[in-house]
Amino acid sequence: MDRRLFTSVLLATPWMAGAQTDPLAARLRAGACVVLLRHAQTVPGIGDPPDFRLDQCSTQRNLSDEGRLQAGRIGQWFTSRSLQPRAVRSSAWCRCKDTADLAFGNHQVWPALNSFFGSGGRETQTAQLRAALGRVPAGQFEVWVTHQVNMTALTGEGMTMGEGLVVDARGKMVARSTFG
């Protein structure tokens, strides 16, 4: 065997072994699940300023510089494992859409993922999310970029910005990660 080829195979072996034994990647490849991803790190604050508008990012609390980098690292984690979500859905808030775009290059706004912090909608939106979980087939997964309140309502779990909860078809959290 050519010495360069042998060296390349030798150096690649640990990476390939790691990729094949990554339990989170294996769970996502099995499918029938969703990665509920809380938007990446934002500028300081809670909620949004009074009178914010969904159609104007400048009126909202947005991603910080660190959050933009964090979203990119999340995307790199998925790319390095050759994991491609069947769909990337997002809340209409700019911090969620930006997280989705920086991590995955695209998103589809889904109102069921919109924040209900300080307003109604918890029961209706959570029921919509629960119903959609059962429609993700084996061998495929989706990423839903949303807010802490939505994720906690569905799973009962808390999480940090940029953290994802892998949820099965029954709405049970089966894994969590910051993807980095």
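Only a predicted model underlies this, so the values are computations on that prediction, with no experimental measurement involved.

Trainee: Explain the confidence of the model for the protein chain here, please?
Mentor: The predicted coordinates of low-pLDDT regions are not to be read in fine detail. Per-residue confidence for the protein chain averages 89 on the pLDDT scale, and 87% of its residues sit at or above 70. Overall, residues 4–19 carries pLDDT values under 50, and its contacts beyond four positions in sequence, including any with other chains, amount to three contacts.

Trainee: Explanation requested: the state of the cysteines in the structure shown.
Mentor: Working definition of a disulfide: a covalent bond connecting the sulfur atoms of two cysteines. All told, the structure shown has one disulfide when counted by the stated rule. The disulfide partner of Cys 57 is Cys 94, and the S-S distance across this bridge is 2.0 Å. Between Cys 57 and Cys 94, the disulfide has an S-S torsion of -80° and is therefore left-handed. With Cys 57 in the loop between strand S1 (33–38) and helix H3 (65–80) and Cys 94 in helix H4 (residues 94–104), this pair connects stretches of sequence that are 37 residues apart. Exposure remark for Cys 94: the relative accessible area of 1% places this residue in the buried category.

Trainee: Just to check I follow, could you spell out the side chain of Asp 22 for this structure?
Mentor: Considering the arrangement of structural elements, one finds Asp 22 in the loop between helix H1 (3–21) and helix H2 (23–30). Separated by 3.1 Å, the side chain of Asp 22 and the backbone nitrogen of Leu 24 make a polar contact. Filtering out sequence-adjacent residues up to four positions away, Asp 22 remains in contact with Trp 77 and Arg 81.

Trainee: Before we go on, may I ask you to explain the packing of aromatic side chains in this structure?
Mentor: The final tally for this structure, using the stated rule, is seven aromatic pairs. Summarising the aromatic geometry, the rings of Trp 77 and Phe 179 are spaced 5.0 Å apart at their centres and angled 65° between planes, so their arrangement reads as edge-to-face. A residue pair is termed long-range when its members are at least 10 positions apart, and Trp 77 in helix H3 and Phe 179 in the segment after strand S6 (173–177) qualify at 102 residues. A single burial state applies to Trp 77 and to Phe 179, both of which are buried. Centre to centre, the rings of Phe 78 and Phe 179 are 5.0 Å apart; their planes meet at 40°, and the pair counts as tilted.

Trainee: Can you walk me through the environment of Leu 24 in this structure?
Mentor: Examined against the element boundaries, Leu 24 turns out to sit in helix H2. Residues Leu 24 and Phe 179 lie 155 residues apart in sequence; the distance between their C-alpha atoms is 9.6 Å. If we ignore the near neighbours within four places in the chain, the residues touching Leu 24 are Trp 77, Val 166, Ala 175, Ser 177 and Phe 179.

Trainee: Sorry if this is basic, but what is going on with the sheet that holds strand S5 (residues 164–168) here?
Mentor: In any sheet, the strands associate via hydrogen bonds between backbone groups, in a parallel or an antiparallel arrangement. Strand order in this open sheet of six strands is S3-S2-S4-S1-S5-S6, and the pairing throughout is mixed. Single-partner strands in this sheet number two, and they are strand S3 (108–109) and S6. Bridge count between strand S2 (residues 87–90) and S3: two bridges; the pairing is parallel. Pairing of Ser 90 across the sheet is with Val 109, part of S3. The strands that helix H6 (residues 148–155) touches are S1, strand S4 (141–146) and S5; relative to S1, the one it contacts most, it runs at about 140°.

Trainee: Can you walk me through the nonpolar core in this structure?
Mentor: Side chains of nonpolar character tend, in soluble globular proteins, to be buried together. Grouped together as the largest cluster of nonpolar side chains are 21 residues, with contacts concentrated most on Leu 28, Val 35 and Phe 78. Those elements giving two or more residues to this core turn out to be H2, S1, H3, H4 and S4. The element best represented in this core is H4, accounting for four residues. With sequence-adjacent residues up to four places away left out, Val 35 is seen in contact with Leu 28, Phe 78, Phe 141, Glu 142, Val 143, Trp 144, Gly 164, Leu 165, Val 166 and Phe 179. If you look at the next biggest cluster of nonpolar residues, it comprises 15 residues, including Trp 110, Leu 129, Ala 132 and Met 151.

Trainee: Would you explain H4 in this entry?
Mentor: Structurally, the α-helix is built with 3.6 residues per turn, so residues lying three or four positions apart point the same way. Every buried residue of H4 is listed here: Cys 94, Arg 95, Cys 96, Thr 99, Ala 100, Ala 103 and Phe 104. Looking at the residues trailing H4, positive phi occurs at Gly 105, about 85°.

What counts, and where the lines are drawn
Residues numbered from 1 in each chain as written. Predicted model: local features only at pLDDT ≥ 70, side-chain atom pairs only at ≥ 80, totals over all residues. Heavy atoms only, no water. pLDDT = per-residue confidence, 0-100. Contact = heavy atoms within 4.5 Å. Disulfide = S-S within 2.5 Å. Helix = DSSP H or I, 4+ residues; strand = E, 2+ residues; numbered from the N terminus. Buried < 20%, exposed > 50% of the residue type's maximum accessible area, 1.4 Å probe, protein only. Polar contact = N/O pair within 3.5 Å; in protein donor to acceptor, adjacent residues only side chain to side chain. Phe/Tyr/Trp six-rings, centres within 6.5 Å; stacked < 30°, edge-to-face > 60°. Pairing = 2+ DSSP bridges. Axes fitted to C-alpha atoms, helices over the stretch in contact; angles between N-to-C directions. Core = buried A, V, L, I, M, F, W, Y, C linked by side-chain atoms within 4.5 Å.

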